[in-house]
Amino acid sequence: MVATTSPRPPASRDVPLVARRPLQGPYLLLTFRHPEVAGRTRAGQFVMIKANTAADPLLRRPFSIMSVHPAEDTFTLFLKVVGSGTRALADLRSGETAGCLGPLGRPFPMPPEDHEALLVAGGYGIAPFVLFGDELRRAGRRARAFYGGRTSGDLQGHDPFTALGLPLACCTDDGSFGHHGRVTDAVEAYLDTRPGAVTLYACGPDAMLHAAARLAERRNVPAQVSLDPWMGCGVGTCLGCVVRIQRADEPRGKYRCACTEGPVFDARDVVWAGEGSSRARREAAAVLR
Ligand SMILES: Cc1cc2nc3c(=O)[nH]c(=O)nc-3n(C[C@H](O)[C@H](O)[C@H](O)COP(=O)(O)OP(=O)(O)OC[C@H]3O[C@@H](n4cnc5c(N)ncnc54)[C@H](O)[C@@H]3O)c2cc1C
Ligand code: FES
């Protein structure tokens, strides 16, 4: 059975593109005017959006909100063009509109006051951490980010994050920029310096999220992961985004909509394919002891 909440979804509205900044390769920044998204978004939330042009397919696509600018009633997305929906958005010109629903989803919870937040991003997974880094900085919390990609071209979110003034370690699989190696290796090396209490936050490709969750389990640190499933509606009706989650009080996992109950989940609760949740593994080990 699929567990759902009963959200009251925001209405879809047509929002004009006000700025478009191409970055290298398939990446770009798009800024839209939308007073509710600009005024109400919390870091980790997303919009469902599609270009209002003939080129665009039927469904809106999900994108994390990278930054908000309440004084201008605008918000910015960090886009990687991968298919027809992202292409149609990338081809919008200033003044053209997109159909937009949001802000949607569960935001990142703040870490305990004495914890340093470690933001672990892969590729476009840096997007929600620009807003979260800003929230943490404004709240006077300690935070640093680890940002990984296959190659230097995949670290196009570098500048918006650096503007926050928080420490940032970049990593590439091919060594073309920053540390040579996986982003989770850089996090592990940082944890070896015994930094004190930390909470880990991860957003990026599935394999990276899984590695971050395993790292958090091994090092016994709390972690939140922002999952990235396919989404059709964004409001809990199509069930296209279900993920298996097992909370502390539940004997087994339940399918839950990532759009309404996520995309951010406690890493211990996520039932990873072929492996189960770390919470269930720990409980099983305790029974055997
Ligand atoms: C909560 C959430 C936040 C997201 N935030 C961002 C963001 O900030 N920036 C950004 O560029 N993208 C983000 N995405 C991914 C983005 O939604 C997809 O890349 C987009 O829907 C692809 O649409 P398309 O029509 O261009 O591609 P399609 O034609 O639908 O697909 C093209 C290719 O991309 C793959 N793909 C499609 N959807 C996803 C997905 N969700 N994850 C991984 N691969 C996918 C397909 O398997 C296919 O290989 C986010 C996804 C989620 C669920
Ligand atoms: S995307 Fe439709 S239920 Fe979540």
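Residues numbered from 1 in each chain as written. Chains lettered and ligands numbered in written order. Predicted model: local features only at pLDDT ≥ 70, side-chain atom pairs only at ≥ 80, totals over all residues.

**Quick notes on the overall build of the protein**
Selection rule: Counting from the N terminus, the helices are the DSSP runs of H or I reaching at least four residues and the strands are the DSSP runs of E reaching at least two. Each radius of gyration is computed over the set of C-alpha atoms, and the globule rule expresses the reference value as 2.2 Å times the number of residues to the power 0.38. With C-beta atoms placed from the backbone, a residue counts as buried when 20 or more other C-beta atoms lie within 10 Å of its own, as exposed when 12 or fewer do, and as partly exposed for counts between those limits.
When its secondary structure is counted, the protein shows 8 helices and 17 strands. Taking 19 Å as the expected radius of gyration for a compact globule of 289 residues, we find that the protein reaches 19 Å, a close match to that expectation. Overall size of the protein, expressed as C-alpha extent along the three principal axes, is 65 × 45 × 35 Å. In the protein, which comprises 289 residues, the proportion classed as buried is 45%.

**Quick look at the nonpolar core**
To keep it simple, the criterion reads: Core membership is restricted to buried Ala, Val, Leu, Ile, Met, Phe, Trp, Tyr and Cys residues, and these are joined into a nonpolar core through C-beta atoms within 7 Å.
Formed by 78 residues in total, the largest nonpolar core has its most connected members in V47, L119, V120, Y147, A202 and A212. It is helix α6 (residues 206-219) that contributes the most residues to this core, 7 residues altogether.

**Quick notes on the sheet that holds strand β3 (residues 27-33)**
Going by this rule: A pair of strands is treated as paired once DSSP finds two or more bridges between them. Orientation is described by lines fitted to C-alpha atoms, with helices fitted over the stretch in contact, and by angles between N-to-C directions that extend from 0 to 180 degrees. Note that contacts rest on C-beta atoms placed from the backbone: two residues are in contact if these are within 7 Å.
Strand order in the open sheet made by the 7 strands is β5-β4-β8-β2-β3-β7-β6, with antiparallel pairing throughout. In this open sheet, the two edge strands, each paired with only one partner strand, are β5 (61-64) and β6 (67-69). Going from strand to strand, the sheet's axes swing by 40° on average, the running direction of each strand aside. Two elements, β3 and strand β7 (residues 74-80), share 7 bridges in a ladder whose sense is antiparallel. Within the sheet, the bridge partner assigned to L29 lies in β7 and is F78. Of the strands in this sheet, β5, β6 and β7 touch helix α3 (residues 127-138), which is tilted by about 55° from β6.

**Focus: the environment of F265**
Inspection of the secondary structure assignment puts F265 in strand β17 (residues 264-266). Given 22 C-beta atoms within 10 Å, F265 falls into the buried group. In this structure, the C-alpha to C-alpha distance between F265 and Q224, residues 41 residues apart in sequence, is 5.5 Å. Excluding its chain neighbours within four sequence positions, the residues that come into contact with F265 are V225, L227, I245 and V270.

**Side note on the site of ligand 1**
Which entries qualify depends on this criterion: For each residue, a C-beta atom is placed from the backbone, and the residue counts as near a molecule or strand when that atom lies within 6 Å of it. Here the term charged refers only to Asp, Glu, Lys and Arg, the term nonpolar to Ala, Val, Leu, Ile, Met, Phe, Trp, Tyr, Cys and Pro, and the term polar to all other amino acids, Gly among them.
Near ligand 1, the surroundings consist of 20 residues, among which R61, G83, G85, T86 and A127 are the closest. The set of elements that each furnish at least two residues to the shell around ligand 1 consists of β5, β7 and α2 (84-90). Among the elements that line the shell around ligand 1, the one with the most residues is β5, at 4 residues. For the shell around ligand 1, a count of residues per class yields 12 nonpolar, 5 polar and 3 charged.

**Focus: the sheet that holds strand β9 (residues 116-122)**
Strand pairs in the sheet, formed through backbone hydrogen bonds, run parallel or antiparallel to each other. Taken in spatial order, the 7 strands make up an open sheet running β12-β11-β10-β9-β13-β14-β17, and their pairing is mixed. Here the strands that pair on one side only, and so sit at the sheet edges, are β12 (179-180) and β17. Pairing of strand β14 (residues 223-226) with β17 involves 3 bridges; the strand directions are antiparallel. Bridged to S226 within β17 is V264. Contacting β9, β13 (198-203) and β14, α6 crosses the sheet at an angle of about 170° to β14.

**Topic: the domain arrangement of the protein**
Using the following cut-off: For the purposes of this description, domain bounds are those given by an automatic or database domain assignment.
Annotation of the protein at the domain level lists domain 1 (9-104), domain 2 (108-226) and domain 3 (229-289). On a C-alpha basis, the centres of domain 2 and domain 3 stand 22 Å from each other. Facing the 9 residues of domain 2 at the interface are 8 residues of domain 3. Listing elements by their share of the side of domain 2 that touches domain 3, those giving two or more residues are α6 and β14.

**Some words on the pairing of β13**
Stated formally: Here a crossover is taken to be right-handed if, once the strands point away from the viewer, the path from the first strand over the helix to the second is traced clockwise.
Of all the 6 residues making up β13, 6 are buried; the element is thus mostly covered by neighbouring parts of the structure. Neither face of β13 is exposed, since V198, L200 and A202 on one face and T199, Y201 and C203 on the opposite face are all buried. Pairing geometry for β9 and β13, over 6 bridges, is parallel. Paired with L118 across the strands is L200, a residue of β13. Pairing geometry for β13 and β14, over 4 bridges, is parallel. Across the sheet, A202 pairs through a bridge with V225, a residue of β14. After leaving β13, the chain enters α6 and then returns to the sheet as β14, a path that is right-handed.

**Side note on the packing of helix α5 (residues 183-192) against α6**
Threshold: For classification purposes, angles smaller than 35 degrees are called roughly parallel, those larger than 145 roughly antiparallel, those between 65 and 115 roughly perpendicular, and all remaining angles oblique. Whether a crossing is left-handed or right-handed is set by the direction in which the near helix is turned from the far one by less than a right angle, anticlockwise for left-handed and clockwise for right-handed.
At a minimum axis separation of 10 Å, α5 and α6 run at an interaxial angle of 20°. In terms of axis orientation, α5 runs roughly parallel to α6. In the packing of α5 onto α6, the handedness of the crossing is right-handed. Taking contact as the criterion, the partners of V183, T184, V187, E188 and L191 in α5 are, on α6, M208, A211, A212, L215 and R219. Split by residue class, the contact of α5 with α6 holds 7 nonpolar, 1 polar and 2 charged.

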